[in-house]
Amino acid sequence: MNYINKLNIEHFRNFDKLSIDLNNRWNVILGDNGSGKTNILESISLFEIGRGLRKDRLINMINNKNKHKMFILNAKFMIDKDKFDQTIFCELNHDKLNK
């Protein structure tokens, strides 16, 4: 079974910085309305092909407080079958996504 076991978010939507440890069973995200639960799911969806689950422009995903106009998403993937970890960085510079 493949799963994400670590997610780091910087300057994405309403997050300045967030780090979450996940497991291969159940992960529950709780919070008030507007606290960023969907933003966490959207950040994970950007590791797939396409523009994420909301289909928004990348420039709109940058935290407004960030003067560098970029966000960084880092996820550590565990592939149980091969016992392999992989880290992928996503950076947005000038409305272009680099993975």
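Rules behind the numbers
- Residues numbered from 1 in each chain as written.
- Predicted model: local features only at pLDDT ≥ 70, side-chain atom pairs only at ≥ 80, totals over all residues.
- Heavy atoms only, no water.
- 1 Å grid on protein atoms, 1.4 Å probe; cavity = no way out; pocket = protein on both sides within 12 Å on 5 of 7 lines; lining within 4 Å.
- Points joined across faces, edges and corners; volume = space filled by probe spheres on them.
- Nonpolar A, V, L, I, M, F, W, Y, C, P; charged D, E, K, R; others polar.
- pLDDT = per-residue confidence, 0-100.
- Helix = DSSP H or I, 4+ residues; strand = E, 2+ residues; numbered from the N terminus.
- Salt bridge = Lys/Arg side-chain N within 4 Å of Asp/Glu carboxyl O.
- Buried < 20%, exposed > 50% of the residue type's maximum accessible area, 1.4 Å probe, protein only.

Student: Explain the layout of surface pockets to me, please; I cannot follow it from the model alone.
Tutor: Considering only enclosed or pocket space, the largest pocket measures out at about 170 Å³ in volume. If you go around the largest pocket, the residues you meet are Ile 4, Leu 22, Asn 27, Ile 29, Ile 40, Leu 41 and Ile 44. The residue inventory of the lining of the largest pocket, partitioned by class, reads six nonpolar, one polar and no charged.

Student: Please explain the confidence of the model for the chain as it appears in this structure.
Tutor: In regions of low pLDDT, the predicted coordinates are not meant to be interpreted in detail. Per-residue confidence for the chain averages 83 on the pLDDT scale, and 81% of its residues sit at or above 70. In the model of the chain, strand β4 (residues 84–93) stands out as the element of lowest mean pLDDT, 65, in contrast to strand β2 (residues 15–21), which has the highest, 95.

Student: Explain the pattern of salt bridges to me, please; I cannot follow it from the model alone.
Tutor: Opposite charge on two side chains permits them to pair, given that their charged atoms come into close proximity. Counted by the stated rule, this structure contains four salt bridges. Asp 21 is the salt-bridge partner of Lys 6, the closest N and O atoms lying 3.1 Å from each other. Here Lys 6, found in strand β1 (residues 2–12), pairs with Asp 21, found in strand β2; they are 15 residues apart in sequence, far enough to count as distant. The class for Lys 6 is partly exposed, based on a relative accessible area of 26%. We classify Asp 21 as exposed; its relative accessible area is 58%. The salt bridge involving Asp 56 is made with Arg 13; its shortest N-O contact spans 3.1 Å. With Asp 56 in the loop between α1 (37–45) and β3 (72–79) and Arg 13 in the loop between β1 and β2, this residue pair connects regions lying 43 residues apart in the sequence. Residues joined by salt bridges that share partners form a network here, namely Arg 13, Glu 42, Arg 54 and Asp 56.

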